[in-house]
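The primary structure of each chain is shown beneath.
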Amino acid sequence: MLKCSMAGWMPQCPFTLDQQQESKHTLHSTDCERFQDINSSWLTDQEDPPPVQPSVVADMRSGADLESCLEECMSTEMSESVPPEVRPKPAVPAKPSHVAPPSSVPFVPSPQGTGGEGQGSGRGSALLGYIGIDTIIEQMRKKTMKTGFDFNIMVVGQSGLGKSTLVNTLFKSQVSRRSTNWSRDEKIPKTVEIKSVSHVIEEGGVKMKLTVIDTPGFGDQINNENCWEPISKYINEQYEKFLKEEVNIARKKRIPDTRVHCCLYFISPTGHSLRQLDIEFMKHLSRVVNIIPVIAKSDTLTLDEKTEFKQKVRKELEACGIECYPQKEFDEDMEDKSDNDKIREAMPFAVVGSDKEYQANGKRILGRKTPWGVVEVENPNHCEFSLLRDFMIRSHLQDLKEVTHNIHYETYRAKRLNDNGGLHPISSSGQDTQESNL
Amino acid sequence: VTLSSRNHSNMLIFLTCDFQDKQYVGFATLPNQVHRKSVKKGFDFTLMVAGESGLGKSTLVNSLFLTDLYKDRKLLNAEERINQTVEITKHTVDIEEKGVKLKLTIVDTPGFGDAVNNNECWRPITDYIDQQFEQYFRDESGLNRKNILDNRVHCCLYFIPPFGHGLRPVDVEFMKALHEKVNIIPLISKADCLTPNEVKKLKDRVRDEIERFGIKVYQFPECDSDEEEEFKQMDKELKECTPFAVIGSNTVVEARGQRVRGRLYPWGIVEVENQSHCDFVKLRNMLIRSHMHDLKDVTCDVHYENYRAHCIQEMTSKLAQDNRTDSPLPLLPLPTPDVETERLIKMKDEELKRMQEMLEKMQQQMHEKDQ
């Protein structure tokens, strides 16, 4: 099994060479080449992986008598007799299947669930060959590629901390507000504004509508009291919008999702501790949206200072009871917990952003050139940008959306419904009806 | 001409004073006499550092004066700082170099700009500066003027964060509140997070904004035309380089075979004293080696005089309003003086009244001249 950077665990990488070349993200092809070495399976010809035989006991012994297999199957425990390594792992990391799929987000069911079903049918009634239940993953993948999905990321922090540059670096394209007709010399606005810019980026046939929500003016004034209120208001407005759509009788097949899935909070690299404003903001918003704190412009900290600062920040967040994403309470199983614990230990990520390329060691790399050396953005010894990117995009992108939908949105929804004593649905034709969808 | 040769020539004068009398009086030795007296007396210098916490102020001060003034400092964490107000702390250290003594006082301003609401966070700082002026004013008008303690702030280094795109509102307001009370030297702190292009852009931006907002930062005095060429060149470079982009360091690292003060990064070593890395050397030269005395002069001649004139004007206007003589001195929070001082003050009051009458007369005369 190999871990493809784009699609997770796969028997083979599903992307053809053409698709890779079509993609604007050249790194992906590098990853694929790497993985080719691990598992020298054919990379180019096939579009979809071939159906893999489910691990049924019958198949392991070729020419085995069916009835004897049945007896064997019925007499043994389900979990024991299945050798786990024969079963193929699914395309997407495991998620519990009891959560109802939201209408706007394509949802991939857990392999345990389908595998379990497969097991069950294999146990209870002899599998007369391969059914193909696990191709549902493939079908979902195809659908996703057709419909695409959206991701909304908000960046918050004082001006000049490199927010736009970081977002551009994360998505390797000019997606921030500044790349549109906005110049860098604009004055600091007097109140916090919310400005959002959307782009559709495509990679490996998958389309993503990325919306970057910027918050100029945050923390820049002399008196910054309550400067988080416009941000809080915006986030709740998006929840409200979604709620209204959901509650409609005749609702759209795919509700446009403008809810903020992730909020990157930029901490100024003072090296001492968090500022009061940082704590106030995170206190007010960590229960409303997924906050990922990052240490901005971290090329001003030496390695020792970095470790000390990160420890200090973690301690302070804990002392104030602020839970950033990934929240401990939402870890679903041990595997999740151990993965997330590792990430939590490394947070907040000390990042450096850059949209300029330099030549180093014969390669073109993103970096910052100073008289004393070149800071390489993607070098894990220099900064933790690649950690952040892998975490946010390559492993937890879907989880960010799910936590937003299943937890933050549900909290908002429950609160709204409790307050109102039930919400009257708004039908598109304007009729007033007593029937509640709730 | 060295000291010894001057002395030698003095001796010669005594020997040949008869026919040399008409050409050489001998007061050319005055600078030497002043020099010797000053060296005996020692100098004092008060430097204030202001800016948000975490901008490297303490590190820079340590680097400038090669001391460790902040050994026992305890940094508060964010929770403790929620109710913190701006404080003024003083550290004094006596440094001696080649027989010259310097009493250096560093005034620090912890808590500045750190709160969520920073309205008028410069108020404690302006109050402090005014208090020092007031103290000096009183002492100067006192009876025993031999050992006046000069606590006036001679220079204020203001640290601008390198993370922004220029001056922020709090920077502008602070500098405008202080530019007529103290010599402000703006610095771009932690300059090692900027590439050379970014440094240049930021400097240009800050210079523009300083001009636009009418902030009067400390101006280097013009060179005399008879100064050495080298000095003139240095002066020109200094002026074009403001605001200085500085880096400080408390650690010594090994770079290019030498042990230097610097910061060790995975991608390279930043040397504090390398002119191509930052302007630390320029700042140090300016602050200590060439303009320290000028800073003190400007403080005495300009800022203090402004304050004094303002005070006296207030007094005259107040006296014009009511004819009583109690508390002619400006009302700033100072501890109440004891009985002895009260008596002295009363005597001084009468003196002051006479001075004020003279002033009024002079003003009237000037007014008549104008007309």
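Look up a bit, the structure's there.
This structure is a prediction, so every number in the text was calculated from the model and none was measured. (Residues numbered from 1 in each chain as written. Chains lettered and ligands numbered in written order. Predicted model: local features only at pLDDT ≥ 70, side-chain atom pairs only at ≥ 80, totals over all residues. Heavy atoms only, no water.)

A.B. asks: How should I be thinking about the overall build of chain B in this particular structure?
C.D. replies: The helix and strand inventory of chain B stands at 11 helices and 9 strands. Residue burial in chain B is summarised as follows: out of 371 residues, 43% are buried. When the accessible surface of chain B is summed, it comes to about 21,400 Å², and 52% of that surface belongs to carbon and sulfur atoms. (Helix = DSSP H or I, 4+ residues; strand = E, 2+ residues; numbered from the N terminus. Buried < 20%, exposed > 50% of the residue type's maximum accessible area, 1.4 Å probe, protein only. Areas by Shrake-Rupley, 256 points an atom, 1.4 Å probe, with all protein chains shown as cover.)

A.B. asks: Whenever I open this one, a nonpolar patch on the surface confuses me. Can you help?
C.D. replies: A grouping of V25(B), F27(B) and L30(B) is seen on the molecular surface, where their side chains present a nonpolar patch of about 340 Å² in accessible area. Taking the relative accessible area as the measure of exposure, V25(B) reaches 66% and is therefore exposed. (Patch = residues over 30% accessible without salt bridge, like charges linked within 9 Å, V, L, I, M, F, W, Y side chains within 5 Å. Salt bridge = Lys/Arg side-chain N within 4 Å of Asp/Glu carboxyl O.)

A.B. asks: What should I look at first to understand the environment of K190(A) in this one?
C.D. replies: In this fold, K190(A) is placed in the loop between α8 (163-170) and β4 (195-203). C-alpha separation for the pair K190(A) and P216(A), spaced 26 residues apart in sequence, amounts to 9.4 Å.

A.B. asks: Would you mind going over helix α8 (residues 229-241) of chain B with me for this structure?
C.D. replies: Because each turn of an α-helix spans 3.6 residues, side chains separated by three or four positions end up pointing in the same direction. Residue and element names in this part refer to chain B. Spanning 13 residues, α8 covers 19 Å between terminal C-alpha atoms, matching the ideal 18 Å at 1.5 Å per step. Of the residues making up α8, those classed as buried are D235, L238 and C241. For α8, the angular spread of buried residues about the axis comes to 130°, placing them on one side. What points out from α8, more than 90 degrees from its buried face, is the exposed set E229 and E240. Those residues of α8 that are buried lie in contact with α7 (196-212), β6 (244-245) and α9 (280-290). (Expected span 1.5 Å × (residues − 1). Arc of directions from axis to C-beta. Contact = heavy atoms within 4.5 Å.)

A.B. asks: Please explain the interface of chain B and chain A as it appears in this structure.
C.D. replies: The interface of chain B with chain A comprises 45 residues on the first partner and 46 residues on the second. For the pair chain B and chain A, the summed buried area comes to about 4,000 Å², and 55% of that belongs to carbon and sulfur atoms. Ranking the residues of chain B by area buried against chain A places V116(B), F163(B) and W267(B) at the top, with a combined share of 22%. Linking chain B to chain A there are 3 salt bridges. With its nearest N and O atoms 2.8 Å apart, the salt bridge here joins E198(B) to R368(A). Summed over the shared surface of chain B and chain A, the number is 14 residue pairs in polar contact (both at pLDDT 80 or more). Mapped onto the side of chain B that touches chain A, the elements with two or more residues apiece are α6 (169-178), α7, β8 (258-265) and β9 (268-271) of chain B. (Buried area = accessible area lost by both parts, 1.4 Å probe. Polar contact = N/O pair within 3.5 Å; in protein donor to acceptor, adjacent residues only side chain to side chain.)

A.B. asks: What am I meant to see in the side chain of D220(A) here?
C.D. replies: Positionally, D220(A) belongs in the loop between β5 (206-214) and α9 (229-247). A polar contact of 3.1 Å, which involves the side chain of D220(A), links it to the backbone nitrogen of S159(A).

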